[in-house]
Structures are given as structure tokens and as C-alpha cells.
Amino acid sequence: MNLVIQQADRPDDAYMPIWAPLLAFNQKAVGDAQGVPFALTITQPDSGEVLGGLWGLSLWGSFYVGLLVVPESTRGRGLGSELMARAEAEATGRGCRQMWLDTYAFQARPFYERLGFSVFGQIDGAAPIFPRVFMQKALTTA
């Protein structure tokens, strides 16, 4: 079989065709391979415009926080902590044993540490962006 490797003109459109066979393999190998997404949004009351929020995904007893964004003008008022507390409650309700996330040196490592997360891995590189740290927090399931 002759195959060709080429750069996709529209990478976003290529995601699902690439993901589908991996998802099928995972499903066949271990079952229940479809993650369950979760999202909370911070919106502008008048317009409904999304200004930030949290996006996560539970899979195989673990809850991944992929995005956490609080509008810069509102930081330090507890919104991030509230988002994380609500995500943790959701994760616990889903029976997850841990939450995990990643963050860069210029982002929010101290914030996550205050919430009980600890580093389990790190990728080093040039400052000010790196290191990139991977953090987790054990959960008590109901």
C-alpha cells in the first residue's frame, strides 16, 4: 500500500478524521473511551458574551481541567476558586479519583497549589514561558 503524508490545509478539519480511529482503538482495548465534557462560563449579564470560564473532561476516573480563564479585571475576587470548586464537586459526583491540569511558569501555578494541587511532571524550556508543570489533586469520592 502506498501512503502519502502531507500537511493539512485546514488542521481543525483534520482533527476528527485522525481522532476517530484512535477513539475506536481505545474503545476496543479498554472500553468507555468517550470522555464526558463539562463547562462553566463567565458571561456579561447584558449581552451574554462569554468572558471566561472553565472547560474540563472526565475520562476513566480522572477529571482534566483543560481551560480556566478569569477576566483579568476580575482576578483576585474568588471567581477562579469558585470555578475550580464547582469543577471539583462535578468530578467527585462523577466518581473521579483525581483532577489534573497543566500550566506554564507565567500562568497560575501558585493559585493551583493553594487549591491543593501538586506537581507530578514538568517540561523545561526557555523562560519566561517554561517550565510547563503538570499538576494533580486527589479527590475523595462520595
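Bear in mind the structure is a predicted one, so any value in this text is a computation, not a measurement.

If you walk across this open sheet you meet the 6 strands as E1-E2-E3-E4-E6-E5, and the pairing is mixed. Strands at the two margins of the open sheet, each flanked by one partner only, are strand E1 (36–43) and strand E5 (118–123). Across the sheet, the mean angle from the axis of one strand to that of its neighbour is 20°, orientation sign disregarded. The pairing of strand E2 (residues 50–59) with strand E3 (residues 62–69) spans 7 bridges and is antiparallel. Looking at the pairing, Trp55 lines up with Leu67 of E3. Contacting E1, E2, E3, strand E4 (98–104) and strand E6 (132–138), helix H2 (residues 79–93) runs over the sheet at an angle of about 155° to E1.

Looking now at H2. Residues separated by three or four positions in an α-helix point in the same direction, a consequence of the helix having 3.6 residues per turn. Given a rise of 1.5 Å per residue, 15 residues ought to cover 21 Å, and the 21 Å separating the end C-alpha atoms of H2 matches this to within 8%. All buried positions along H2 are accounted for by Gly80, Leu83, Met84, Ala87, Ala91 and Thr92. Taken end-on, H2 shows its buried residues confined to a sector of 165°, consistent with a single buried face. Of the surrounding secondary structure, the elements contacted by the buried residues of H2 are E1, E2, E3, E4 and helix H3 (109–114). Gly95 lies just past H2 and shows a positive phi near 80°.

Taking 1.5 Å of rise per residue, the 20 residues of helix H1 (residues 11–30) would be expected to cover 28 Å, and the 28 Å separating its terminal C-alpha atoms lies within 8% of that figure. Its maximal kink placed at Trp19, H1 deviates by approximately 30°, while the proline Pro21 follows within four residues. Among all positions of H1, only Ala14, Leu23 and Asn26 are buried. Just past H1, the residue Gly31 takes up positive phi, approximately 75°.

Conventions adopted
- Residues numbered from 1 in each chain as written.
- Predicted model: local features only at pLDDT ≥ 70, side-chain atom pairs only at ≥ 80, totals over all residues.
- Heavy atoms only, no water.
- Pairing = 2+ DSSP bridges.
- Helix = DSSP H or I, 4+ residues; strand = E, 2+ residues; numbered from the N terminus.
- Axes fitted to C-alpha atoms, helices over the stretch in contact; angles between N-to-C directions.
- Contact = heavy atoms within 4.5 Å.
- Expected span 1.5 Å × (residues − 1).
- Buried < 20%, exposed > 50% of the residue type's maximum accessible area, 1.4 Å probe, protein only.
- Arc of directions from axis to C-beta.
- Bend = angle between axes of the 7 residues up to and from the residue.

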